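Understanding the architecture of this molecule
Each chain, letter by letter, is given below.
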Amino acid sequence: MRIALISTLHRTDDGTPLAFLQMGGRSVLRWQADLALELGCTRIVCLGSQLVEGISEVQAHVEQHGAEFHLINQLLQLVRLVSADQEVVIIADGAVVDRSEIPSHLIDGRGVLAIPAEPGLAAGFERIDADYAWAGLLVARGNIVERVADMPDDSDIIALLLRLALQARTPLISLKQDALSDGSLLLALDESVVAERESALLSRSAAHVSWFGPGNAIAARVAQAIAPQALQAGPLIAGGLGATLLVSGVATAFFGFQTLGLGLFGAGCIGLAVRQSLNSLKERLYSQNPSRELSKYISIIIDILLVISLAVPLTLETAHQGLFLPIILIGILRLAAGLSSDRLKPMLNDRISLTILLCVAAWLGVLTETMGGLAVTGLVASLIFQSKLR
């Protein structure tokens, strides 16, 4: 059994608890609670006061995930909650560690996360020895908690437990110095530090979107520009607007205005891509494991609706003729994307650029020829990709 210890005691110069500095609309303490749950903690102990605004929200969140939450302000209360045969996960006040940086060893083992001393001290972390500073997270045997029972109540409990964990020869696990510069690790000492971390993570996430898929790359930059303020309601708004434009585009094309319908459809694809980018940024900022199931189903729905938009006017007698080329085009693009290298996948999956191209082709009166040309190009590409896989 694992028990986590977090804290709301340390404050910024203006009196704000470090634990309640906001990152993308969520407090540092909420992030730490989620990290503790991720590391398998079934009980979370928080040093602080019930009077601090935000404690109840974190408590409700923890209990919603099936764990216990205890708020304490005395050393003896902590000693009563931890037994020697348990493990204790300790997170420094204000420390933020990206989950991607946490070694797998700490998922089911013990260790003290460390960072090279010079950059670590400059970022505000506590020195461990001549070479390392504490990176704000450790997992140790629960018996170290018993040894703080005789300490004064005004002692820095977390600092004491760090020293006791080191004395118990809990192994050091070193992080690369890059974790500080890329936003994967920080000590939230004030709002400016948090803002820099947000900016670093958002820039890094947007940079991962390849310009080989220009439509999705532009959507990623739009999402970056409106984040982090839009990370809470933004995905819902962008998704709702995108879905509305998508359906409006299909309806407009169905009633004979195909060029306008494809234009609206393309705008809807942009809205849904912005929604996906905002969700990806949110997952990255909150260190959440990405969920791809919904995105997969949305891409299937987009392709089905695009086929319908390209097949109009559609009647029962001509359905087989009208649907044939759009289905072939989308099917071959999906096939080519599955066979291609990671470098080319963004281009083949970019429905924003595809829809804009088809909209221009419809305006020029060469939609059928353009679909045929793209289908043949995709077929040739698929054959080439397949031959390389052999």
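Residues numbered from 1 in each chain as written. Predicted model: local features only at pLDDT ≥ 70, side-chain atom pairs only at ≥ 80, totals over all residues. Heavy atoms only, no water.

**Topic: the packing of aromatic side chains**
Evaluation of the coordinates by the stated rule reveals one aromatic pair. A centroid spacing of 5.7 Å and a plane angle of 90 degrees characterise the contact between F254 and F255, whose relative ring orientation is edge-to-face. Here the guanidinium or amino end of K296 rests over the ring plane of Y297, the centre of that ring lying 5.4 Å away. (Phe/Tyr/Trp six-rings, centres within 6.5 Å; stacked < 30°, edge-to-face > 60°. Lys NZ or Arg CZ within 6 Å of the ring centre and 35° of its normal.)

**A few points about a nonpolar patch on the surface**
Together, I356, V360, W363, L364 and V366 give the surface a local cluster of nonpolar side chains, amounting to about 520 Å² of exposed area. By the element assignment, I356 lies in helix α16 (residues 351–364). The class for I356 is partly exposed, based on a relative accessible area of 46%. (Patch = residues over 30% accessible without salt bridge, like charges linked within 9 Å, V, L, I, M, F, W, Y side chains within 5 Å. Areas by Shrake-Rupley, 256 points an atom, 1.4 Å probe, with all protein chains shown as cover. Salt bridge = Lys/Arg side-chain N within 4 Å of Asp/Glu carboxyl O. Helix = DSSP H or I, 4+ residues; strand = E, 2+ residues; numbered from the N terminus. Buried < 20%, exposed > 50% of the residue type's maximum accessible area, 1.4 Å probe, protein only.)

**Some words on the packing of helix α11 (residues 234–254) against helix α13 (residues 293–311)**
At their nearest, the axes of α11 and α13 sit 9 Å apart, and the two run at 20 degrees to each other. In this view, α11 runs roughly parallel relative to α13, as classed from their interaxial angle. Along this stretch, α11 crosses α13, giving a crossing that reads as left-handed. Seen from α11, the contacting residues are L246, V250 and A253; seen from α13, they are I302, L305, I308 and S309. Here the residues of the contact of α11 with α13 are counted per class, giving six nonpolar, one polar and no charged. (Axes fitted to C-alpha atoms, helices over the stretch in contact; angles between N-to-C directions. Parallel < 35°, antiparallel > 145°, perpendicular 65-115°, else oblique. Left-handed = near helix turned anticlockwise from the far one by under 90°. Contact = heavy atoms within 4.5 Å. Nonpolar A, V, L, I, M, F, W, Y, C, P; charged D, E, K, R; others polar.)

**Observations concerning the state of the cysteines**
Per the stated rule, a full pass over the model turns up zero disulfides. Free cysteine C41: the closest other cysteine sulfur is in C46, separated by 13 Å. Here C41 falls in the buried class, since its relative accessible area comes to 4%. Relative accessible area serves as the criterion here: at 0%, C46 is assigned to the buried category. (Disulfide = S-S within 2.5 Å.)

**As for the pattern of salt bridges**
It is possible for side chains bearing opposite charge to pair when their charged atoms get close. Per the counting criterion, the structure on display carries eight salt bridges. The shortest N-O distance in the salt bridge between R334 and D303 comes to 2.6 Å. Residue R334 is found in helix α14 (residues 319–339), and its partner D303 is found in helix α13; the two are separated by 31 residues along the sequence. On the basis of relative accessibility, which here comes to 37%, the residue R334 falls in the partly exposed class. When its relative accessible area of 5% is taken as the criterion, D303 is described as buried. Note that D303 is salt-bridged to R351, the shortest N-O span being 2.6 Å. In this pair, D303 is assigned in helix α13 and R351 in helix α16, connecting sequence segments 48 residues apart. Residue D303 shares its accessibility class with R351, and that shared class is buried. One network of salt bridges, in which partners are shared, links R2, E87 and R110.

**Focus on the pairing of strand β6 (residues 87–91)**
Within β6, five of the five residues are buried, which leaves it mostly tucked inside the rest of the structure. A two-sided burial pattern is seen for β6, the buried positions comprising E87, V89 and I91 on one face and V88 and I90 on the other. Looking at chain direction, strand β1 (residues 2–7) and β6 are connected through four bridges and run parallel. Of the residues in β6, the one forming a bridge with R2 is E87. Across five bridges, the pairing between β6 and strand β9 (residues 132–141) is antiparallel. Note that in β9 the partner of E87 across the bridge is R141. (Pairing = 2+ DSSP bridges.)

**Considerations on the environment of L329**
In this fold, L329 is placed in helix α14. A relative accessible area of 0% means that L329 is categorised as buried. Each C-alpha atom, one on L329 and one on V376, is 8.3 Å from the other, the two residues being 47 residues apart in sequence. Once residues within four sequence positions are removed from consideration, L329 is found in contact with L358, M371, L374 and A375.

**Observations concerning a negative patch on the surface**
Negative charge collects at one region of the surface, where D13, D14, D190, E191 and E196 lie side by side. Here D14 is to be found in the loop between β1 and β2 (22–23). (Lys, Arg positive; Asp, Glu negative; His and termini not counted. Charge placed at Lys NZ, Arg CZ, Asp CG, Glu CD.)

**Some details on the side chain of R351**
The exposure class assigned to R351 is buried, which follows from its relative accessible area of 9%. Side chain to side chain, R351 and D303 meet in a polar contact 2.6 Å long. (Polar contact = N/O pair within 3.5 Å; in protein donor to acceptor, adjacent residues only side chain to side chain.)

**Some thoughts on the sheet that holds strand β10 (residues 172–174)**
Where strands meet in a sheet, backbone hydrogen bonds hold them as pairs that are either parallel or antiparallel. The strand order β5-β4-β1-β6-β9-β8-β10 describes an open sheet built from seven strands, whose pairing is mixed. The strands lining the two open edges of the sheet, one partner per strand, are β5 (68–72) and β10. Each adjacent strand pair in this sheet contributes to an overall mean axis angle of 25 degrees, direction not counted. Here strand β8 (residues 111–116) pairs with β9 via five bridges, running antiparallel. Bridged to V112 within β9 is L138. Taken strand by strand, helix α2 (residues 55–64) contacts β4 (41–47) and β5, and its axis lies near 150 degrees from that of β5.

**Thoughts on the nonpolar core**
Here is a general trend for soluble globular proteins: nonpolar side chains tend to be buried in one another's company. In terms of nonpolar packing, the biggest core is built from 72 residues, with L5, L78, W134 and L161 touching the most fellow members. Sorting elements by how many residues they give to this core places β9 first, with seven residues. Setting aside residues no more than four positions away along its own chain, L5 makes contact with V45, L47, L78, V89, I90, I91, I157, I158 and L161. A223, L306, L354 and M371 belong to the second-largest nonpolar core, a separate cluster that totals 38 residues. (Core = buried A, V, L, I, M, F, W, Y, C linked by side-chain atoms within 4.5 Å.)

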